[in-house]
Amino acid sequence: VRGLRQPALAADDTRVAVMVQGSQHDDVWIYEMASGSPMQLTLDGSRGDPSWDPRGLRVAYSCGATSAEGGVCVRDARGAGEPTLVAPRASMASFAPDGASLVHVLLDPASRTDVWLTRLSAPQSPRLLVRTESFEFHPRVSPDGRLLAYASSITGRPDVFVTTLPDATGRWQVSPD
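A brief report on the enclosed structure follows. (Residues numbered from 1 in each chain as written. Predicted model: local features only at pLDDT ≥ 70, side-chain atom pairs only at ≥ 80, totals over all residues. Heavy atoms only, no water.)

## Overview of the pairing of strand β1 (residues 4-9)
Formally: DSSP calls a pair of strands paired once it identifies at least 2 bridges connecting them. Each helix is a run of DSSP H or I of at least 4 residues and each strand a run of E of at least 2, with the numbering of both proceeding from the N terminus.
Here 4 bridges tie β1 to strand β2 (residues 15-20), and the two strands are oriented antiparallel to one another. Note on β2: the bridge partner recorded for A8 is A17. Taking the residues between adjacent antiparallel strands as the criterion, β1 and β2 are bridged by 5 residues, where D13 takes a positive phi near 60°.

Rendered as structure tokens:
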């Protein structure tokens, strides 16, 4: 049995996107929950982090497993068409509730990894949300779109923080340790 990791359940609970370990590289697969039927979504490798859009029509994932560039790609969940690179050199993307934007992390040598928001209609103009001198990772937007949760190593260990959206003002630690 191949290794499965990073499961992401579609909002309607009928499908799950997972990373499947392959002999050459890992790929994103989609499984129907009722039947267990698999469909391979990526064919040329993926670094992981699958995330469904709110309507279950698209999947975002960290692409470029076989290239130095990589980034966040979005693809039709039925496998139709080609993937679209929407955030070069980014990873750990998650759709906002409106399905029109993604939050993700981007490596910056000066500040490690930061949280950004990219509108799918204007991917060339991402907006910085959270930057510290520590690592920020695994951003997620609340169901109402008003809060952003993310992990950070600012305390010296991984902790979860929340800030407001869209302005990212304030920072509240919500994990005890």
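## Some details on the sheet that holds strand β5 (residues 46-52)
Rule in force here: Geometry is summarised by axes, namely lines fitted to C-alpha atoms with helices restricted to the contacting stretch, and by angles between N-to-C directions that run from 0 to 180 degrees.
Spatially, 4 strands are ordered β5-β6-β7-β8 in an open sheet, and the strand pairing comes out antiparallel. The sheet is open, and its two edges are formed by β5 and β8 (84-88), each paired on a single side. Averaged over all adjacent pairs, the angle separating strand axes in this sheet is 25°, with direction ignored. As paired strands, strand β7 (residues 71-76) and β8 are joined by 4 bridges and run antiparallel to one another. Bridge pairing in β8 places C73 opposite L85.

## As for the environment of A8
How we decide: By the convention used here, residues are in contact when the closest approach between their heavy atoms is within 4.5 Å.
Tracing the sequence through the fold places A8 in strand β1. Here the alpha-carbon distance between A8 and S51, two residues 43 residues apart in the chain, equals 6.0 Å. Apart from the residues within four sequence positions on either side, A8 is in contact with R15, V16, A17, P50 and W52.

## A short note on the pattern of salt bridges
Definition in use: Throughout this description, the term salt bridge denotes a Lys or Arg side-chain nitrogen within 4 Å of a carboxyl oxygen of Asp or Glu. Throughout this description, buried means an accessible area under 20% of the type-specific maximum (1.4 Å probe, protein chains only), exposed means over 50%, and partly exposed covers the range between.
Tallied over the entire structure, the rule returns 6 salt bridges. The closest approach of N and O atoms between D53 and R58, which form a salt bridge, is 3.1 Å. Using a relative accessible area of 4% as the deciding quantity, one classes D53 as buried. Note on R58: relative accessible area 25%, which makes it partly exposed. A salt bridge links R157 to D159, with the nearest nitrogen and oxygen atoms 3.3 Å apart.

## Observations regarding the pairing of β2
Extensive coverage of β2 is indicated by the burial of 6 of its 6 residues. Neither face of β2 is open: one carries R15, A17 and M19, the other V16, V18 and V20, and all of them are buried. Here β2 folds back onto strand β3 (residues 27-32), and the loop between the two strands holds 6 residues.

## Some thoughts on the environment of T14
Tracing the backbone shows T14 in the loop between β1 and β2. On a C-alpha basis, the gap between T14 and A80 in space is 19 Å, while along the polypeptide they are 66 residues apart. Setting aside residues up to four positions removed in sequence, T14 forms contacts with Y31, E32 and M33.

## Thoughts on the nonpolar core
Going by this rule: What is meant by a nonpolar core is a set of buried Ala, Val, Leu, Ile, Met, Phe, Trp, Tyr and Cys residues, joined one to another through side-chain atoms within 4.5 Å.
Core analysis: the biggest nonpolar cluster contains 13 residues, and V28, I30, W52, V59 and Y61 have the highest contact counts within it. When residues of this core are traced back to their parent elements, those giving at least two are β2, β3 and β6 (58-63). Within the second largest apolar cluster, 12 residues are counted, among which are V105, V130, L148 and F161.

The analysis is restricted to geometry; functional conclusions fall outside its scope.
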